[in-house]
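Secondary and tertiary structure notes
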Amino acid sequence: NKDFSLIIPKIGVNAAVIPAVNPADVKQYMNVLKQGIAHASTSYFPGEGTTYLFSHSTNYDWFARDLNAVFYHLKNLTQGDTIVVFYKGKQFTYRLTEKKIVNPSEISYLVGVAGDQRLILQTCWPPGSTTERLLIFAELIVVDSSTIL
């Protein structure tokens with residue numbers, strides 16, 4: 001999907017991203033997460049500023065499909081791993097720079113910064129709970145409108 005999608009080769013993620021989802025509206029984002037990955041409406045789109053994407057994880061393999069736990073293996077990513085976002089026909093390639101576990105009340109990351117070319121991925125932590133949040137930070141390294149993975 002070259003309109004808006006996320007690919008993480010290392011962990012086999014290839015999923016649609018649903019744009020402009022209100023991260024404060026539980027009913028809305030829970031519905032969206034059944035279809036794919038949510039793009040926080042409080043952040044920017046790729047190429048415009050900080051892009052914040054979130055999805056489910058789980059603690060057991062057999063729940064991954066039931067919950068559409070796209071970010072089930074996010075925990076297995078390490079510094080330097082590649083993350084690709086397709087948006088409006090362009091390929092944005094990012095490199096993972098940091099992983100951080102934060103309290104659910106730490107919501108400042110949801111607010112994007114114009115011009116900042118960072119990608120933030122978020123899921124619940126530990127897998128299968130909602131105690132904390134795992135954040136993955138990645139820096140933009142390449143934008144290409146001609147390359148297709």
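Above: the structure in question.
To keep things clear, this report deals only with the structure shown in the data block. (Residues numbered from 1 in each chain as written. Predicted model: local features only at pLDDT ≥ 70, side-chain atom pairs only at ≥ 80, totals over all residues. Heavy atoms only, no water.)

Okay, the sheet that holds strand β8 (residues 132-144) next. One closed barrel holds the eight strands; their spatial order is β1-β2-β3-β4-β7-β8-β6-β5, and the pairing between them is mixed. Ignoring which end each strand starts from, the neighbouring axes of this sheet average 30 degrees apart. Running over the sheet, helix α1 (residues 26-33) touches β2 (13-21), β3 (37-40) and β4 (51-54) and is turned about 155 degrees from β2. (Pairing = 2+ DSSP bridges. Helix = DSSP H or I, 4+ residues; strand = E, 2+ residues; numbered from the N terminus. Axes fitted to C-alpha atoms, helices over the stretch in contact; angles between N-to-C directions. Contact = heavy atoms within 4.5 Å.)

This part is about unusual backbone geometry. For the bond from W125 to P126, the omega torsion is -10 degrees, close enough to zero to count as cis. Its location among the elements puts P126 in the loop between β7 (118-125) and β8. In this structure, A20 takes a positive phi of about 55 degrees despite not being glycine. When its relative accessible area of 42% is taken as the criterion, A20 is described as partly exposed. One non-glycine residue with positive phi stands out, namely K88, at about 50 degrees. Tracing the backbone through its elements, the reader meets K88 in the loop between β5 (82-87) and β6 (90-102). Given a relative accessible area of 64%, K88 falls into the exposed group. (Buried < 20%, exposed > 50% of the residue type's maximum accessible area, 1.4 Å probe, protein only.)

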